[in-house]
Amino acid sequence: MSDAQQQAAGSGGQPSAEKNRYKDSLNLPKTGFAMKANLIQAEPQSLRRWEDARVFNRIQHVREQAEPFVFHDGPPYANGPIHMGHMLNKVLKDFVVRGALMEGRRVRFVPGWDTHGLPIEHKVMTELHEKGKTAKLETLAPEQRHMAIRRECATAATKFIGLQAEQMKRLLTLADYADPYYTLMPAYEGKVLEVFADLVDQGVVVRALKPVHWSIANKTALAEAELEYEDRTDLSVYVDFEAADRAKVAAAFGLLAEAPADAGEGDAEGGGEVEAEVDESRILDMTPSFMIWTTTPWTLPANLAIAVHERSRYALVEIDGNTTVMASDLVAAVAKKAGSEKVVVRAECDGAKLVGLEYRHPFCERKGRIVGADYVTLEDGTGLVHTAPGHGADDYRTGLKEGLPAYCPVREDGTYDDTVPAWLRGKSIWDANKEVTERLRASGHLFHDHSFVHSYPHDWRSKTPVIFRATEQWFVGVDAPMKRDGKTLRARALEAITNEVGFTPEWGRNRLRGMLESRPDWCISRQRSWGLPIPAFKTKDGATFLTSASVRAIAKRFSEKGSDAWFQESPAELLSHYDASKDPAAPAGLDIASLVKLHDIFDVWFEAGSSWNAVLRARGIGYPSEIYLEGSDQHRGWFQLSLLPAIGATGHAPFKRLVTHGFIVDKNGHKMSKSIGNTIDVEALLKEFGADVCRWWVAGVDYENDIRSDSEFFKVAGESYRKVRNTIRYLLSNLEGFDASETDSILSGIAPTSLEAWVLAQVASTQEAVRRAIAACSFREAQQAIFTLCNETLSSVYCAATKDRLYCDAPRSSRRRAAQAAMHRAADSLCRMLAPFLPHTADEAFRALMRDETACVHLEHFHTLVHACDARWSEVLALRELAHAALEKAKERGIENPLDAGIALPVSHHHLAEFAADLPDLFGVSRVILAQDQSAIEVIDLREEPRCERSWRRDGTVRVRSDGGMLSDRDAEAVGVA
RNA sequence: GCGCUAGUAGCUCAGCUGGCUAGAGCACACCCCUGAUAAGGGUGAGGUCGAAGGUUCGAGUCCUUUCUGGCGCACCA
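Note that the structure is a prediction, hence the values are computed from the model and not measured. (Residues numbered from 1 in each chain as written. Chains lettered and ligands numbered in written order. Predicted model: local features only at pLDDT ≥ 70, side-chain atom pairs only at ≥ 80, totals over all residues. Heavy atoms only, no water.)

Participant: Help me understand the pattern of salt bridges, please; the structure alone is not making it clear to me.
Facilitator: Where charged atoms from two side chains of opposite charge come close, those side chains can pair. Applying the stated criterion to the full structure yields 69 salt bridges. Across the pair Lys-30 and Glu-736 runs a salt bridge whose closest N-O atoms are separated by 3.6 Å. Taken as a pair, Lys-30 in the loop between α1 (3–11) and α2 (39–52) and Glu-736 in the loop between α25 (711–733) and α26 (743–748) lie far apart in primary sequence, 706 residues in all. Assessed through its relative accessible area of 46%, Glu-736 is described here as partly exposed. (Salt bridge = Lys/Arg side-chain N within 4 Å of Asp/Glu carboxyl O. Helix = DSSP H or I, 4+ residues; strand = E, 2+ residues; numbered from the N terminus. Buried < 20%, exposed > 50% of the residue type's maximum accessible area, 1.4 Å probe, protein only.)

What follows is the structure, encoded as structure tokens:
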């Protein structure tokens, strides 16, 4: 205590022992709402209470007639415990759900899980492999093997769903956990097939060839995850493909430009022929070749094109007596490798000039052509890339672009079919490597060959090398016109995202557009066990049987029996709901008994992408969803692959708005990974901070971008949470004995110039801002508004200002009760604003406010608040800033305690005289006077004036009272002494 | 490599269509209070706006290049 204070206290004339003589007469704060949240223990109790009180069901019941808010959950993949990304996503979704509930809407949010797919199957297979059970699997018939694997997968998926659901509940998310959706549910599977049937109806489902990783040993397709890369030595060959027209090559390299001809380059097609005959003898004395390089000579029979990079430079080279074309930058390297002596570059041009030229296949009777591709690099080879669309991913894409078929002359056992030259038919491709090479050498097309060691994919189980092989697959064609309106899926999808869908953030629109514009047809078939079978059959004569009616019949069967039926039932049983006579698309003379089931399954994205039908429409929740809210990776995933089936089946997008969030990265902005060890464990986080603090952190995050995260950040969120909690606690602690039913009548009588009018106007505008922000998914904005209300409006200004009247006024004084009424309303509104973000804390506070342990804020909704205050309040607040500044300055004079000071206002502020009664409280000083003789705010030193023993103020009315104490008028009256 | 996206005080972020000495919260420092007390209040110090060019009377804000992150380009969800 400073000397000045001691003096001041002393001047009151009371010994310090009796300093608290009047403390018992004060109305000090009192509440059962604890300062310490103890979330780790208390939240599970809240969960139990909500469960016991059947809160979820009551909410549904109470809102039965309310306007629905359709919101659909994207299914996470059930293959492990939840991570930070799940927490972020689920909590953000919960803000949407609870925000809509607070608006009085009816929300039935059904949590879902994606259960099929490779990750689970692969995990299960790996475990079976480790337990030595795969050998036994091999002995089973194919359908029994599929079933054995499927049973294991279903068990694994169900286990993880249970785990994840518990963790999501622990995050205090509100959802229909009693009745969730899983993609493996029979009813769900049936609804997916219905979407598929709709697409068949629209004519966009097609069967076509596409190269996949193929294990010859197991005669099966493999996924990337099932590949092991090992070094392998292959024969690498440089092959000359003879140009079909030497004059056009010469023209491409500009060698004809010098010719004294009247035909310009512009009409090359017509005039070039004549000219070429004149010039070719003069300039090119032999037909040039295009030199390619490959490590898989066995794919050469399937060569249909040669790819060049349009922006690379290519050279026409004379090398060892041949004239050939290769990338300029690689001439030296190739010459060195082949040990060539004489190398002359005749001319150079851009790759773009070569595009369109034709060449003769060295041993197949056909021509190929040069095409452009941006994946061509100048790191290896010749800069001209051998392209076999049936044997490579890049090649395939190029083939699609160029209209080339995915020609694959290799059968499933790794031997050539009958479309190749006779000397290769029936031969194994591995033997063909050498044969092809020798053939090329003999015919003079082989420029050079050598052994080449490279990393090559192998089948993880048989350890044999894998090949790329085109097989028949099912596709959803994005460029096929739909029956509905003749528009393509791509065109309609682009229209929808351009005109009918909102994006948060807005750049998502652009991103999705880019993906839709460039995406190829969607390959929806997979050659695996764990998934929804594509219900196609093979007929006796080898044709594929699948019509929309047959698909619908099987959809019905699956929804009764589950998709396991595909592996357990005969075609006749599966098609028991099918009547070929009523199916115009049925092939003539269909003999169901002789059908053979095919065993492709759906891409899991097709299942997840049909959830709008399998959940929203099937359960009568509503359609479309107001929002789909997922990580930004889902532009490629769920967003796009829900859009396509929905556009196909219904003509419209399944969502009105796409909201995306970024990824959680570590505090240095790097991605989290288990191997780096910078991950944060959600369970540990919940154990240390509790769900409400974690949710408060999520609420404050700028989720549109990457989100840095570190356990330190949760401490900060905890601090902020505590500030909010304490503010509510303080409001509650002043409501002891207050009759809430008086609130309305008290508040209807307050003056616009009163502190209450001001604070309630602030509460009302904050609540409006919060509601707007939640509706816009701007949760951070909502959180900041709430925090500012607590930290500034309430804690720093209103509560500080009303402290004196609440503590020292008579309990039933009108001033005190007005403050209590305002605090009650503020606390009530705060609970509602906080309900979406802090479900536990808001509910805890709400029960304390209602003094009713059975009350639940989550059954409530926002009340519209209409509170206005005098427009001059902004001036008053500005004046408060000035007063604070003056007080700070007065500290130099030794006036350190504001209660030792008064404030004198100059004439320029006298128009605020109506507020004068509240100004001392607002400034925190003992009194405020209106001065006539000064131009600025001045601080009056009141240290010599007597101090009220009860309120500690020096308001000018302090004197000795009948009980011997020094009291101000107000305090004397409150205590009841004269 | 390509598409999308971000880089503003120690930390998390505002800064709309370019315009007064670049703002907020937290943290920090100093002070007050001790009747919200493992609380509360006041004041203050922090930034060449990733870097380099350019357009302009004027740029954090527009353009170009560049550096550093993130997401996506797979039978991974």
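Participant: For this particular structure, what's the right way to read helix α22 (residues 638–650)?
Facilitator: In an α-helix there are 3.6 residues to a turn, and that puts residues three or four apart on one side. Compared with an ideal rise of 1.5 Å per residue, which puts 13 residues at 18 Å, α22 spans 17 Å between its outermost C-alpha atoms and is within 8% of the ideal. With its phi angle positive at about 90°, Gly-651 sits one or two positions after the end of α22. (Expected span 1.5 Å × (residues − 1).)

Participant: How should I be thinking about the nonpolar core in this particular structure?
Facilitator: Most often, soluble globular proteins keep nonpolar side chains buried together rather than apart. Residues Met-87, Trp-697, Phe-837 and Ile-903 are the most contacted members of the largest nonpolar core, which totals 136 residues. Here this core gets 14 residues from one element, more than from any other, and that element is helix α28 (residues 779–808). When near neighbours in sequence (up to four residues on either side) are disregarded, Ile-903 contacts Ala-883, Leu-887, Phe-923, Val-925, Arg-927, Val-928, Ile-929, Ile-937, Glu-938, Val-939 and Ile-940. If you look at the next biggest cluster of nonpolar residues, it comprises 73 residues, including Phe-290, Val-308, Ala-388 and Ala-470. (Core = buried A, V, L, I, M, F, W, Y, C linked by side-chain atoms within 4.5 Å. Contact = heavy atoms within 4.5 Å.)

Participant: Is there a simple way to explain empty space enclosed by the protein in this structure?
Facilitator: The probe, sized like a water molecule, is rolled over the atoms to show the empty space still left. The final tally for this structure, using the stated rule, is two cavities of 30 Å³ or more. Here the largest cavity defines a volume of roughly 50 Å³. When its residues are assigned to classes, the lining of the largest cavity shows six nonpolar, one polar and three charged. Of the voids in this model, the second largest cavity is the one considered here, and its volume is about 30 Å³. Around the second largest cavity, the lining residues are Arg-98, Leu-101, Met-102, Leu-174 and His-858. Residues of the lining of the second largest cavity, tallied by class, amount to three nonpolar, one polar and one charged. (1 Å grid on protein atoms, 1.4 Å probe; cavity = no way out; pocket = protein on both sides within 12 Å on 5 of 7 lines; lining within 4 Å. Points joined across faces, edges and corners; volume = space filled by probe spheres on them. Nonpolar A, V, L, I, M, F, W, Y, C, P; charged D, E, K, R; others polar.)

Participant: Looking at this structure, I do not really get the pairing of strand β8 (residues 313–319). What am I missing?
Facilitator: On a regular strand, each side chain points to the face opposite its neighbour's, so the side chains alternate between the two faces of the sheet. Across the seven residues that make up β8, a large majority, five, are buried. Taken together, the seven bridges between β8 and strand β10 (residues 343–350) define a ladder with antiparallel strand orientation. Opposite Glu-318, over in β10, you have Val-344 as the bridge partner. Where β8 meets strand β9 (residues 322–327), six bridges bridge the pair, whose relative direction is antiparallel. Within the sheet, the bridge partner assigned to Ala-315 lies in β9 and is Met-326. Hairpin connection of β8 to β9: two residues between the antiparallel strands, including Asp-320 at a positive phi of 50°. (Pairing = 2+ DSSP bridges.)

By themselves, these figures tell us nothing about what the structure is for.
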